[in-house]
Each structure stands twice: as structure tokens, then as C-alpha cells.
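Here are the chains, one letter per residue:
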Amino acid sequence: MTELISIADCFFHGVATETVSPFGDGLINSTYRTTLKNDSKEFVLQKINHHIFKDVDLLQNNIKRITDHIRTKLKEQGETDLDRKTLTLIPAKDGKLYYFDGENYWRMTLLIPKSKTYQAITPEYAYFAGKAFGHFQAMLSDIPEPLGETIPDFHNMEFRLKQFRDAVAQNEAGRLSEVGDLVAEIETRADEMCICEQLYREGKLLKRINHCDTKVNNMLFDEDGKVLCVIDLDTAMPGFVVSDYGDFMRSAGNRGKEDDTNLSKVSFNMEIFKAYTKGYLEEAQNFLTPLEIELLPFGAKLITYMQLTRFLTDYLNGDIYYKINSFTHNLERSRAQLKLLKSIEENYCDMQGFINNLVN
């Protein structure tokens, strides 16, 4: 605790840190709630996982530019409660957006008061999520100068397929013979799933600022259940909007679990799809191109397929990336993702029809 207080003190001038205590249940960064002596405000201290986010300067500058741009937009709209409607970065005493202790990188933000998150995925909160992430993208659609990629090639399907094919060729863990059916399912869809990269090279598809982790619990709500702001901006970077859209569909639209061994429970929830899509397009339709809107259902297929590919790649490599609970955990994840992908494919025409009705 004494060490954490010393680190927190590196962000404040003329005041002393009183308490630093564990906060939240994030899987990537270590997070602590921080209070000061004789100050009613609270803060959030985070140890940045620099093994994942290797360019901390780029990461923090991205977040600063995003939050500054959103803050400016909110001011123009007459918003006065700015500290609850976007994150506020607290620079270290040396003026940098982080503190480096010689081994680890730390950052500080203002804790947004009287806020809460929700874990449950219901049509009601899927609608709120759609509006929130659509609004987030809309506000950033005119940000000057492109941001950097905090995780290069994060949603690049061609890159993920190369990783997969390398894993198949090397068969590091000797598991290839037991997953021939999954390999075939991936290869059968490979050309279709790389269409975004192809359209981008042809100048037909844009890259915009995406959140890249579109989950309900990455939004803060006020006491009345209204959305305050989108949080967890580490992965916010350029990408295709269909990827951000599809990311929510993959995680929230699954009636089963990501690693469900009972595949009969895994299917695509069209009510979640409809609610999120309605909210999303209410905020995003005005800045999206017709092609981007047309490709939204494809985004659900794409990210589910991508996650299938990544889970199977890790299984073939001997489980070196994802945390596992058993030797077959990544295989179970792969089979559950394939089942979800097939369910999305079965509902694909209905998804297209629903979106066509909304926009027309």
C-alpha cells in the first residue's frame, strides 16, 4: 500500500494521497481507487499492461485526443456536466500523461462520481449500448489526423488468417489431427472474411475511430439508468465500423457462453441484435456510408469468425495467449464460436431485412 501511495503522489501537486485500494475486475490493467487528504474528489490509478500496450506514449496520446475532442463537442452542445460525460486524464507532476517508475507505467483519471456499470445483457441495455457506441463513433467521425493503433492489426482478418495458417503449418502442440473439421470450416470462409481489407485497399471502405471493445460494461450509467459515457478507451483506434458493431454482436448476442460445452445453448439472439442495431443507427446513420450500413450484419459474422480463428490458433500453438482452465479450453471456445457463427449465418437474411427496414 505504501508503494502505491508513493506512486499516486507522483500525480498531485500540494496534496497528499490518503488511500489506494483495489477497484473493479478488469483483466488487462491493474486498477485502484484513490482518495486524497482534504479533497472530496476520488481518482482511478491504473498500472498499464505494457506487454499488451507496448507504446504507452501513443496509447495515452490517443486517449487524450479522444477525450479532448469529445469534451469540445459536448461544450458546443451546451453540456455542463463534463467530468461525468467523458474521462478526465490527470497528468503526472512532470507533465506527462503517465508515470514510469523504472519498471511499470501508471496513469491517473478522475473517478466519475455517482456512476455504475451493468453486466446483464437485455434488449433494453443492448439498445442503450447501441446508442452509446453509435454516439461515440459519431462524435469522433471528424477527429483531425488519424490516431495510432494501440494494438497493431487487432481486427485485421488477413493478419489473423496468416497467424492461423502459420500455426497449422507448424503444428507446435501436435494437435492438428484432432481439429481437421475446424480448419476446414475456417478455410471455407477465408476469402469472404477478408472483404473489408480488400474494399479498403480499393478506396471503398473507410477506417474510423472504433472503440474495439464494445461491451455493456464499458459504459457508465447514472443513478437513473441513463448512459453517462463510454469508458475503457485503451483499444480505441482506427478500424472498420463493422468490426466494432460485430464485436458487440459476438459477445452480447450469444445465448450461450463463449466457451459453452453444451452447444445446444449457443445461438444468436435476434432480440439483442434488433435492440442494439436500432440504438446504434439512431446515432450513427447520419455519418455512415451506404456500404458501411450494408456491411453491418457481415460484421457479426466477421468478428465471430475472427475469434474462432484466434482461439483455434492458440490451441494449435499450445495455449500461449489466452488464459485457460483446461487443456481443451481453447478447443471448447473454438467449437462454441463456430456454432455461434453458423447461427448468425442462418439469421443473416433476416438481419439484412431488419436493417433495410430501419434505414428506409
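Residues numbered from 1 in each chain as written. Predicted model: local features only at pLDDT ≥ 70, side-chain atom pairs only at ≥ 80, totals over all residues. Heavy atoms only, no water.

> Looking at this model, I keep getting lost on the overall build of the protein chain. Mind explaining?
Across its full length, the protein chain holds 12 helices and 10 strands. By the compact-globule yardstick of 21 Å for 360 residues, the protein chain fits well, its C-alpha radius of gyration being 21 Å. Along the three orthogonal principal directions, the C-alpha set of the protein chain runs to about 65 × 50 × 40 Å. Partitioning the contacts of the protein chain with sequence separation of at least 6, the portion at a separation of at least 24 is 73%. Only carbon and sulfur atoms are counted for the fraction: they give 49% of the accessible area of the protein chain, which is about 16,900 Å². (Helix = DSSP H or I, 4+ residues; strand = E, 2+ residues; numbered from the N terminus. Rg over C-alpha atoms; globule rule 2.2 N^0.38 Å. Contact = heavy atoms within 4.5 Å. Areas by Shrake-Rupley, 256 points an atom, 1.4 Å probe, with all protein chains shown as cover.)

> Before we go on, may I ask you to explain the packing of helix 2 (residues 56-76) against helix 4 (residues 123-140) in this structure?
Axis angle and axis distance: for two packed helices, these are the angle between their axes and the distance between the axes, and together they describe the pair. Between helix 2 and helix 4, the least distance of the axes is 9 Å, while the angle of their chain directions is 95°. Here helix 2 lies roughly perpendicular to helix 4, going by the angle between them. In this structure, helix 2 contributes I66, H69, I70, K73 and L74 to the contact, and helix 4 contributes F136, A138, M139 and L140. Residues that form the contact of helix 2 with helix 4 fall into these classes: 7 nonpolar, 1 polar and 1 charged. (Axes fitted to C-alpha atoms, helices over the stretch in contact; angles between N-to-C directions. Parallel < 35°, antiparallel > 145°, perpendicular 65-115°, else oblique. Nonpolar A, V, L, I, M, F, W, Y, C, P; charged D, E, K, R; others polar.)

> Explanation requested: the environment of I28 in the structure shown.
Mapped onto the fold, I28 is located in the loop between strand 1 (17-22) and strand 2 (30-36). For I28, a relative accessible area of 41% corresponds to the partly exposed category. Separated by 23 residues in sequence, I28 and H51 have C-alpha atoms that sit 9.8 Å apart. Here I28 is in contact with N49, I52 and F53, once residues within four sequence places are set aside. (Buried < 20%, exposed > 50% of the residue type's maximum accessible area, 1.4 Å probe, protein only.)

> So what exactly am I meant to see when it comes to the pattern of salt bridges here?
Two side chains carrying opposite charge are able to pair once their charged atoms lie near each other. With the rule as written, the count across this model stands at 24 salt bridges. Between R335 and D181 there is a salt bridge, with its nearest N and O atoms 2.9 Å apart. Of this pair, R335 sits in helix 12 (residues 329-359) while D181 sits in helix 6 (residues 180-193), and the two are 154 residues apart along the sequence. On the basis of relative accessible area, R335 is assigned to the partly exposed category, the value being 27%. In this structure, E185 and R189 form a salt bridge, with 2.7 Å as the shortest nitrogen-oxygen distance. A residue pair is termed a helical-turn pair when its members lie 3 or 4 positions apart in one helix, as E185 and R189 do in helix 6 at 4 residues. What you see here is one network of salt bridges that share partners, running through K131, K278, E282 and E283. (Salt bridge = Lys/Arg side-chain N within 4 Å of Asp/Glu carboxyl O.)

> What am I meant to see in unusual backbone geometry here?
Comment: phi is negative for the bulk of residues other than glycine, and the bulk of peptide bonds are trans. Unusually for a residue other than glycine, N38 sits at a positive phi of about 60°. Positive phi is not limited to glycine here, since D153 has a value of about 65°. Under the relative-accessibility criterion, D153 is labelled partly exposed at 27%.

> I'm lost on the layout of surface pockets in this one. Help?
The gaps of empty space that remain are located by a probe, the size of a water molecule, rolled over the atoms. In this structure, the second largest pocket occupies an estimated 510 Å³ of space. Sorting the residues of the lining of the second largest pocket by element identifies helix 5 (157-170) and helix 11 (296-316) as the ones contributing at least two each. By residue number, the principal contributor to the lining of the second largest pocket is helix 11, which donates 4 residues. For the lining of the second largest pocket, the per-class residue count stands at 8 nonpolar, 5 polar and 4 charged. (1 Å grid on protein atoms, 1.4 Å probe; cavity = no way out; pocket = protein on both sides within 12 Å on 5 of 7 lines; lining within 4 Å. Points joined across faces, edges and corners; volume = space filled by probe spheres on them.)

> In this structure, what is going on with the pairing of strand 9 (residues 227-230)? I would like to understand it.
Taken residue by residue, a regular strand's side chains alternate between the two faces of the sheet. As judged from the 3 bridges shared by strand 8 (residues 219-221) and strand 9, these two strands associate in the antiparallel manner. For L220, the partnering residue across the bridge sits in strand 9 and is C229. A loop of 5 residues connects strand 8 with strand 9, the two strands running antiparallel in sequence, and G225 in this loop sits at a positive phi of about 85°. (Pairing = 2+ DSSP bridges.)

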